Amino acid sequence: GRALHRKGMDEPKFEDESPDLSRRQSYMYAVDDQLDTSPKLDRKKSIECILDATDIDQSSAPSDLPLLNGELYSYTASEVTLLDPFIGPIPGTLYITNYKIYFKATTSENPSEPALSLEVPLGTIQRVEKIGRSRSRGENSYGLEICCKDMRTIKFAHKQEGHSRRGAYERLQIVAFPTSYGKHVFAYHFKEEYPTDGWQVYDVVDELKRFGCDSQGVPWRISYANNKYELCETYPSVFGVLKKFSDTDLENAAQFRSKGRMPALSWLHPVTHASITRCSQPMIGKLGRRSRDDEAYIQGIIEANKHSKKLYILDARPKINAMANIAMGGGYETDDAYSNIEFHFLDIGNIHVMRESLHKLMDTVFPTIDDNHWLTNLESTHWLDYLKCILNGAVRIVELIEKQKSSVLIHCTDGWDRTAQLSALSMLMLDPYYRTIIGFEVLIEKEWLSFGHKFQQRIGHGDKNGSDDQRAPIFLQFIDCVWQLIRQFPCAFEFNELFLITILDHLYRFGHVVSFLCISFA
């Protein structure tokens, strides 16, 4: 450190140290980079310039770099080699924009075909790591490793001469994670125009009227009590509630539910008026608190269905998790406080369990698959076990609604993860409208976006903290469950797996779709 200070260099810092590297290794990498001859970035002055691409003359953008409307060129690294696990090393040029990484091979093996190219939207990047040091020996031992949210790990080898790795690394650490620096992701800069206004696909009032809300003989109404998001900031401004309860009653009932997420209407059977409602856990706590307003509202849901005198409450959590929440002020409904209910736990794991399962699945399928132990390795991830558990819960809801003509109330802890999976899947099975292209878009807007699934935190859009424990593949599991249904009943859907892949593609890339970038409508 003293030697570095004598040379006028800063002592290496370890805030962004990779957990896979020892402190000594991280120190050496930092020393190597500080010995680079390439110009350093003045972070205070340059980060904003890099994010806005004002430090680059856009007229200097390479002619072979395809750009979207609103996309800006940021950086070029020449003499870079893509280390493809299937094809092998591919020499070429690496370009960076405010939307993507674009690699183009120098030549094509077949002169009659265009040179190979690879596009990686910045939104798919989980983390960027350096491999090797400037003194590393061996071919392709010095470069970058880019770990993506879509299960890919992409490696680029750089030449030690010229230190192009440093420039690419610095750029990617900024442009791939703009929200970490208080800037918007690319979707807010995208300027393409479309013939259809996607914001008009879902109209909450029309959807609730399709159920019969506000109609004579239907015990449900359209409520605007949350128009300023004061009743519940993670709920939509308009949602379905029971007619017999005033807005004041709703406010009182919401106070007893976690985050104010009171029972709201998700779906209503057109004949029996059996309902699917969703909410969060009741705030019972260790003292066994009760709420007359919440109990009255639950009783009102039962009375709204003339074909059944019982309400089924399905808690998506394992019982042990629900018990643990009691110590933190939460809990679950019991027949001591709520009459005419039948309560069941569905034993679906929390976000941490699902995140670990996805990590194991990624290790199983990429970059190589062990064919000799494929089934054993797949089973050890428990991914399919969890999908089965979610689908079983949705099927149970459908059977209660359709066969027993009973109403169902769903919740987990806060009601924005497992609850959304169960409500959306059960509605998909019950209502053919949601199995159309437009209907499926409405279903996602309604049950996921408007009711506050935390896409920004679960996906980590533009955030460089790849180890954030709030990230989880909840929506990915839902799409996988839908794919399982399409495989079994392909003629029941207007769309196929291509539509699902397109949705996931836009979920991760944060390029064209603003819908998946936030945590609630508010």
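The numbering scheme is per chain: residues are counted from 1 as the chain's sequence reads. Only residues with pLDDT of at least 70 are given local features in this predicted model, and only at 80 or more are side-chain atom pairs given and counted; all residues enter the totals for whole chains, interfaces and linings. Note that the side-chain values use all heavy atoms of the structure and ignore hydrogens as well as water.

**Section: the pattern of salt bridges**
Then, in step 1: In the sections that follow, a salt bridge refers to a side-chain nitrogen of Lys or Arg positioned within 4 Å of a carboxyl oxygen of Asp or Glu. Scanning the model with the defined rule gives 19 salt bridges in all.
Then, in step 2: Between glutamate 447 and arginine 278 there is a salt bridge, with its nearest N and O atoms 2.9 Å apart. Highlighted residues: glutamate 447 in helix 13 (residues 437-450) and arginine 278 in strand 11 (residues 275-279), separated in sequence by 169 residues. As far as the burial class goes, glutamate 447 and arginine 278 line up, both buried.
Then, in step 3: One salt bridge connects lysine 310 with glutamate 342, and the closest N-O pair in it is separated by 2.9 Å. Secondary structure elements are defined from DSSP: runs of H or I of at least 4 residues count as helices, runs of E of at least 2 residues count as strands, and each element is numbered from the N terminus. With a 1.4 Å probe rolled over the protein chains alone, any residue whose accessible area is under 20% of its type maximum counts as buried; one over 50% counts as exposed, and the rest are partly exposed.

**A short note on the nonpolar core**
Considering soluble globular proteins, one finds that nonpolar side chains tend to be buried as a cluster.
Then, in step 1: Residues enter a nonpolar core if they are buried and are Ala, Val, Leu, Ile, Met, Phe, Trp, Tyr or Cys, with the set joined through side-chain atoms within 4.5 Å. Residues Trp220, Phe440, Phe475, Phe478 and Val482 are the most contacted members of the largest nonpolar core, which totals 103 residues.
Then, in step 2: Residues Ile50, Ile96, Ile146 and Leu172 belong to the second largest nonpolar core, which totals 30 residues.

**Notes on the sheet that holds strand 3 (residues 100-105)**
Adjacent strands of a sheet pair through backbone hydrogen bonds, lying either parallel or antiparallel.
Then, in step 1: An order of 4-3-2-1-7-6-5 is seen for the 7 strands of this open sheet, with the pairing classed as antiparallel. Taken across any chain shown, the strands that pair with only one partner, and hence form the sheet edges, are strand 4 (117-121) and strand 5 (125-131). The mean angle between the axes of side-by-side strands here comes to 30 degrees, regardless of whether they run parallel or antiparallel. By the convention used here, strands pair only if DSSP detects at least 2 bridges between them. Note on method: axes are straight lines fitted to C-alpha atoms, helices fitted across the in-contact stretch only, with angles between N-to-C directions ranging 0 to 180 degrees.

**Concerning empty space enclosed by the protein**
Then, in step 1: In this analysis a 1.4 Å probe is tested at points of a 1 Å grid over the protein atoms alone, and where it fits but cannot get out there is a cavity; an open set with protein on both sides within 12 Å along at least five of seven lines is a pocket; lining residues have an atom within 4 Å of a point. Grid points are joined across faces, edges and corners, and a volume is the space filled by probe spheres set on the points. Considering all chains together, one arrives at 1 cavity of 30 Å³ or more under this definition.
Then, in step 2: Of the voids in this model, the largest cavity is the one considered here, and its volume is about 40 Å³.
Then, in step 3: If you trace the largest cavity, you find it lined by Tyr202, Val204, Leu208, Pro236, Val238, Phe239, Gly240, Leu265, Lys446, Ser450 and Phe451.
Then, in step 4: Counting only elements with at least two residues in the lining of the largest cavity, the list comes to helix 5 (204-211), strand 9 (239-242) and helix 13.

**Structural notes on the packing of aromatic side chains**
Then, in step 1: Only rings of Phe, Tyr and Trp enter the pairing, Trp through its six-membered ring, and a pair is recorded when the two centres are within 6.5 Å. The plane angle decides the type: under 30 degrees is stacked, over 60 is edge-to-face, the rest tilted. As enumerated under the stated definition, the model contains 25 aromatic pairs in all.
Then, in step 2: Between phenylalanine 190 and tyrosine 194 the ring centres are 6.5 Å apart and the planes differ by 50 degrees, which places this aromatic pair in the tilted class.
Then, in step 3: Where phenylalanine 343 meets phenylalanine 345, the ring centres are 4.9 Å apart and the plane angle is 80 degrees; that geometry is what we call edge-to-face. Here phenylalanine 343 matches phenylalanine 345 in class, with each residue buried.
Then, in step 4: By the ring-pair criterion, three or more aromatic residues cluster together here, those being Phe440, Trp448, Phe455, Phe475, Phe478, Phe493, Phe495, Phe499 and Phe516.
Then, in step 5: Remark: a charge is flagged as sitting over a ring if the NZ atom of Lys or the CZ atom of Arg is within 6 Å of the ring centre and within 35 degrees of the ring normal. Over the ring of tyrosine 169 we find lysine 130; its NZ or CZ atom is 4.4 Å from the centre of that ring.
Then, in step 6: When the ring centre of tyrosine 434 is taken as origin, the NZ or CZ atom of arginine 210, which lies over that ring, is 5.3 Å away.

**Quick notes on the state of the cysteines**
Then, in step 1: Cysteine sulfur atoms that come within 2.5 Å of each other are treated as a disulfide pair. For the structure shown, the criterion picks out 0 disulfides.
Then, in step 2: Looking at the unpaired cysteine 518, the closest cysteine sulfur is the one in cysteine 232, lying at 16 Å.

**Quick word on the confidence of the model for the protein chain**
Then, in step 1: Counting all residues, the mean pLDDT for the protein chain is 88, and 90% of those residues have values of 70 or more.
Then, in step 2: Confidence of the prediction at every residue is given by pLDDT, a number between 0 and 100. Note on contacts: a residue pair is in contact if any heavy atoms of the two residues lie within 4.5 Å. Here residues 1-41 is a poorly scored stretch, pLDDT under 50, and it has 50 contacts once near neighbours within four places are set aside; other chains count.

**Details of unusual backbone geometry**
Then, in step 1: Despite not being glycine, glutamate 79 has its phi angle at roughly 50 degrees, a positive value.
Then, in step 2: The residue glutamate 79 is located in strand 1 (residues 73-84) in this model.
Then, in step 3: Located in the positive-phi region is tyrosine 229, a residue other than glycine, with phi close to 60 degrees.
Then, in step 4: Structurally, tyrosine 229 is set in the loop between strand 8 (220-223) and strand 9.
Then, in step 5: What makes tyrosine 229 partly exposed here is its relative accessible area of 24%.

**Observations concerning the environment of phenylalanine 489**
Then, in step 1: Topologically, phenylalanine 489 is positioned in the loop between helix 15 (474-488) and helix 16 (497-509).
Then, in step 2: The exposure class of phenylalanine 489 is partly exposed, given its relative accessible area of 47%.
Then, in step 3: Sequence spacing of phenylalanine 489 and arginine 221 is 268 residues, and the spatial spacing of their C-alpha atoms is 34 Å.

**Examining helix 12 (residues 418-430)**
Then, in step 1: The span you would expect from a helix comes to 1.5 Å times its residue count less one. Taking 1.5 Å of rise per residue, the 13 residues of helix 12 would be expected to cover 18 Å, and the 18 Å separating its terminal C-alpha atoms lies within 8% of that figure.
Then, in step 2: The buried fraction of helix 12 is high, at 12 of 13 residues.
Then, in step 3: Buried within helix 12 are the following residues: Arg418, Thr419, Ala420, Gln421, Leu422, Ser423, Ala424, Leu425, Ser426, Met427, Leu428 and Leu430.
Then, in step 4: Residues of helix 12 that are buried in the fold lie against strand 10 (264-268), strand 11, helix 11 (383-402), strand 14 (407-411), helix 13 and helix 15.

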